Amino acid sequence: MVDVLIRRAEAIVTMDDEGRELAGADVLIRGGAVAAVGVNLAAPGAEVVEARGCVVTPGLVNTHHHLYQTLTRAVPGAQDALLFGWLRRLYPIWARMGPEEVRVSALVGLAELALSGCALTSDHLYLYPNGARLDDTIDAARDVGLRLHATRGGMSIGESSGGLPPDSLVENEHSILSDCIRVIDSFHDSSNGAMIRIGVAPCSPFSVSRELMRDAALLARDKGVMLHTHLAENEEDVAYSLARFGCRPGQYAEDLGWTGPDVWHAHCVKLDTAEIGLFARSRTGVAHCPCSNCRLGSGIAPVRAMRDAGVRVGLGVDGSASNDAGSLIGEARQAMLLQRVALGADAMSPREALRLATRGGAEVLGRDDCGRIAPGMRADLAIWDMAGVEAAGAWDPVAALVLCGPGRVRDLFVEGRQVVRDGQLATIDLPRVIEVQTRLARRLAEGA
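Keep in mind the model is a prediction, meaning the values are calculated, not measured.

1. What about the overall build of the protein chain?
- For the protein chain, the helix and strand inventory stands at 14 helices and 19 strands.
- Against the 2.2 N^0.38 benchmark of 22 Å for 448 residues, the protein chain shows a C-alpha radius of gyration of 21 Å, consistent with a compact globule.
- If you line up the protein chain on its principal axes, its C-alpha atoms span 65 × 45 × 40 Å.
- Taken over 448 residues, the protein chain has a buried fraction of 62%.
- Across the protein chain, every contact between residues at least 6 apart in sequence was considered, and the portion connecting residues at least 24 apart equals 75%.
- Just so you have it, the protein chain exposes about 15800 Å², and 50% of that area is on carbon and sulfur atoms.
- Between the centroid of the 45 positive side chains of the protein chain and the centroid of its 56 negative side chains there is a distance of 2 Å.

2. Examining empty space enclosed by the protein
- Under the counting rule described, the total for this entry stands at one cavity of 30 Å³ or more.
- Lining the largest cavity we find 16 residues, and of these Leu83, Trp86, Leu87, His230 and Glu233 sit closest to its centre.
- Classifying every residue of the lining of the largest cavity by side-chain character gives eight nonpolar, six polar and two charged.

3. A look at the sheet that holds strand β4 (residues 25–30)
- Taken together, four strands build an open sheet; the order of strands is β5-β4-β1-β6 and the sheet is mixed. The outermost strands of the open sheet, each flanked by one partner alone, are β5 (33–38) and β6 (47–50). Adjacent strand axes in the sheet meet at a mean angle of 20° when their direction is disregarded.
- Relative to β4, strand β1 (residues 4–9) runs antiparallel, the two being bridged by four bridges. Looking at the pairing, Ile6 lines up with Val27 of β4.

4. Here we look at unusual backbone geometry
- Omega for the bond connecting Asn323 with Asp324 falls within 30 degrees of zero, at 5°, which places this linkage in the cis form.
- Structurally, the position occupied by Asp324 is in the loop between β15 (312–315) and α11 (328–343).
- The linkage connecting Gly405 with the following residue, Pro406, adopts the cis geometry, with an omega of 15°.
- Within the fold, Pro406 resides in the loop between α13 (397–403) and β17 (411–414).
- With a phi close to 60°, Met15 is a non-glycine residue in the positive phi region.
- Residue position: Met15 is located in the loop between β2 (11–13) and β3 (21–22).

5. Details of the packing of helix α4 (residues 173–187) against helix α5 (residues 210–223)
- Axis separation between α4 and α5 bottoms out at 11 Å; the angle between their running directions is 20°. When the axis of α4 is compared with that of α5, the two are roughly parallel. In terms of crossing hand, the pair formed by α4 and α5 is right-handed. Residues Glu173, Ile176, Leu177, Cys180, Ile181, Ile184 and Asp185 of α4 lie in contact with α5, whose contacting residues are Glu211, Leu212, Asp215, Ala216, Leu219 and Lys223.
- Tallied by class, the residues present in the contact of α4 with α5 amount to eight nonpolar, no polar and five charged.

6. Quick notes on the sheet that holds β3
- What the seven strands build is an open sheet, ordered β3-β2-β7-β16-β17-β18-β19; its pairing is mixed. One side of each edge strand has no neighbouring strand; the edge strands of this open sheet are β3 and β19 (424–425).
- With three bridges connecting them, β17 and strand β18 (residues 417–421) associate as antiparallel partners. In the strand pairing of β18, Phe413 is matched with Gln418.

7. Observations regarding helix α8 (residues 273–282)
- Along α8, seven of the ten residues are buried, which leaves the element largely enclosed by surrounding structure.
- Residues of α8 that are buried include every one of Glu275, Ile276, Gly277, Leu278, Phe279, Ala280 and Ser282, and no others.
- Considering only its buried residues, α8 is in contact with β12 (226–231), α7 (249–255), β13 (263–267), β14 (285–288) and α10 (303–309).
- Where α8 starts, the residue carrying a side-chain oxygen 3.2 Å from the main-chain nitrogen of Ala274 turns out to be Asp272.
- Where α8 terminates, the next one or two residues include Arg283, which has phi positive at roughly 65°.

8. Here we look at the nonpolar core
- Formed by 125 residues in total, the largest nonpolar core has its most connected members in Trp86, Trp94 and Leu412.
- For this core, the element with the highest residue contribution is helix α2 (residues 99–115), accounting for ten residues.
- Aside from chain neighbours lying at most four places away, what touches Trp86 is Gln69, Ala78, Ala81, Trp94, Arg295, Leu296, Ala321 and Ser322.
- Membership of the second largest hydrophobic core comes to 18 residues, among which are Ile12, Val49, Cys54 and Ile373.

9. Details of the side chain of Glu415
- Checked against the element boundaries, Glu415 lands in the loop between β17 and β18.
- According to the relative accessible area criterion, Glu415 is buried, its value standing at 10%.
- At 2.5 Å, the side chain of Glu415 forms a polar contact with the side chain of Arg378.
- Discounting chain neighbours no more than four positions away, the residues touching Glu415 are Met1, Gly32, Arg147, Gly193, Met195, Arg378, Ala379 and Asp380.

10. A few points about the packing of aromatic side chains
- Taken as a whole and judged by the stated rule, the model has eight aromatic pairs.
- Through pairs of rings, three or more aromatic residues link up here, namely Tyr68, Trp86, Tyr91, Trp94 and Tyr126.
- Looking at Arg152, its charged tip hangs above the ring of Tyr128, at a distance of 4.0 Å from the centre.

11. Examining helix α14 (residues 430–447)
- Compared with an ideal rise of 1.5 Å per residue, which puts 18 residues at 26 Å, α14 spans 26 Å between its outermost C-alpha atoms and is within 8% of the ideal.
- Tucked into the core, α14 has its buried residues touching α1 (83–94) and α2.

So, how was this worked out
- Every chain is numbered independently, its residues counted from 1 as its sequence is written.
- Per-residue local features are limited, in this predicted model, to residues with pLDDT of at least 70; the limit for side-chain atom pairs, both in listing and counting, is 80 or more; totals at the level of whole chains, interfaces and linings are taken over all residues.
- Hydrogens and water molecules were not included; the side-chain quantities draw on all heavy atoms of the structure.
- Working definition: helices are DSSP H or I runs of at least four residues, strands are E runs of at least two. Numbering for both runs from the N terminus.
- Between the two quantities, the radius of gyration covers C-alpha atoms and the globule rule is 2.2 Å times the number of residues to the power 0.38.
- Remark: exposure states derive from per-residue accessible area (1.4 Å probe, protein chains only) relative to the maximum for the residue type, with buried under 20%, exposed over 50%, and partly exposed in between.
- We call two residues in contact whenever any of their non-hydrogen atoms come within 4.5 Å of each other.
- With residues, only the protein chains shown are counted as cover, and all accessible areas are computed by Shrake-Rupley using a 1.4 Å probe.
- Neither His nor the chain termini are counted; the positive set is Lys and Arg, and the negative set is Asp and Glu.
- Working definition for charges: the position is that of NZ of Lys, CZ of Arg, CG of Asp or CD of Glu.
- Cavity: a set of points on a 1 Å grid over the protein atoms alone where a 1.4 Å probe fits but cannot get out. Pocket: an open set with protein on both sides within 12 Å along at least five of seven lines, its lining residues, like those of a cavity, having an atom within 4 Å of a point.
- Grid points are joined across faces, edges and corners, and a volume is the space filled by probe spheres set on the points.
- Residue polarity is assigned by list, with Asp, Glu, Lys and Arg as charged and Ala, Val, Leu, Ile, Met, Phe, Trp, Tyr, Cys and Pro as nonpolar; anything else, Gly included, falls into the polar class.
- For two strands to count as paired, DSSP must find a minimum of two bridges between them.
- Lines fitted to C-alpha atoms define the axes here, with helix axes fitted over just the stretch in contact, and angles between the N-to-C directions of these axes take values from 0 to 180 degrees.
- Roughly parallel means an angle under 35 degrees; roughly antiparallel means over 145; roughly perpendicular covers 65 to 115; every other angle is labelled oblique.
- Two helices cross in a left-handed way if the nearer one is turned anticlockwise from the farther one by less than a right angle. They cross in a right-handed way if the turn is clockwise.
- The definition of a polar contact used here is a pair of N or O atoms within 3.5 Å, where within protein one atom must be able to donate a hydrogen and the other to accept one, and adjacent residues in sequence count solely through side-chain atom pairs.
- Take the buried residues of types Ala, Val, Leu, Ile, Met, Phe, Trp, Tyr and Cys, join any two whose side-chain atoms come within 4.5 Å, and each joined set is a nonpolar core.
- Think of it this way: a Phe, Tyr or Trp ring, Trp meaning its six-membered ring, pairs with another when their centres are within 6.5 Å, and the plane angle makes it stacked under 30 degrees, edge-to-face over 60, tilted otherwise.
- Note on geometry: a ring has a charge over it if NZ (lysine) or CZ (arginine) is within 6 Å of the ring centre and within 35 degrees of the ring normal.
- A helix is expected to reach a length of 1.5 Å times the quantity of its residues less one.

Next up, the structure:
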């Protein structure tokens, strides 16, 4: 792999402990890692990428997604529904998907993330209709070139047993755990710089049993992988927990072993003060999904209170059926705006929002090798051209990246390999994939 020198950036946002931002500086990439950061670096024989007028950030990190949902954006009947009604409308459609739909939808979703500056994403796949497997998403990530923290989800409590999903989409709990073991043994890489990691992720308290939640936690810790699920997403979610389990979501999680530095929960919109304290003490992570929370009317997550208490928080775009976009830089802006709407204009700065989208997400996913620009860190770098109309007239280019754009990255490097070049995906034929995606979406719509 040839060395790459990113030269003379207007600003390099390191996200190091001091929060340093370097003007007119360079980054040298060697062997998939950052070799040096500084001014006027010498790199004979390196490929030079000019970054004048650009802001360079760590590659963004997405902590929650459902890539299969990219096929079901803007579905009539789900456009104006709360969470439970939204799910009931979409479950029958998702039940008709298969391996091709899951893989192609993942290709499109990963491409969209890459173009928004994302280098590392998690994915929560919790339904496996018609022979679909987690392998389909992993194959897509390898093709696009993004790092993937794929989580093997599952649903085991259908409507006939008091759960939300239709019985046709639930699985036997033994089968769920067995396939978790298979994908961990087949794909999980715990090494520094890993491109693929696996997590264990029963879907939610309203779609699996207490026994599966407990057994999943035991399995994950035996295998040394992380745990992920949805928690406290809206008032319906909390009411279900109180009625079904006799406790709030935080207590439910703690009782079943679902707190700790190896756990991250999606949404957490309705955590109360005691639950925030629990997550801070136990170092449990949160994937904050502001656009999805707005779209489904779930509320504004108490991110300011979480951050002030010491909870690890990252950002997630969530599925494209509930967002409906997949822009991580857009998610950072929305996170900032929501905290300001709730608490005032000084509740969150652009730089704090950008930190959530980079180092914060890496910390939530247990990646101490990503999320910063420093020697020895993995070479996941996003280069943002600030010379376009979006940021025209901006005085502070770093703040402008969150406040006004651009929304599309110029160049993206992942493990030192260029995934986006001059605003175009460099790894797959995206127009051809979109053609296939459109055909598959039409077929699903015609059968709905």
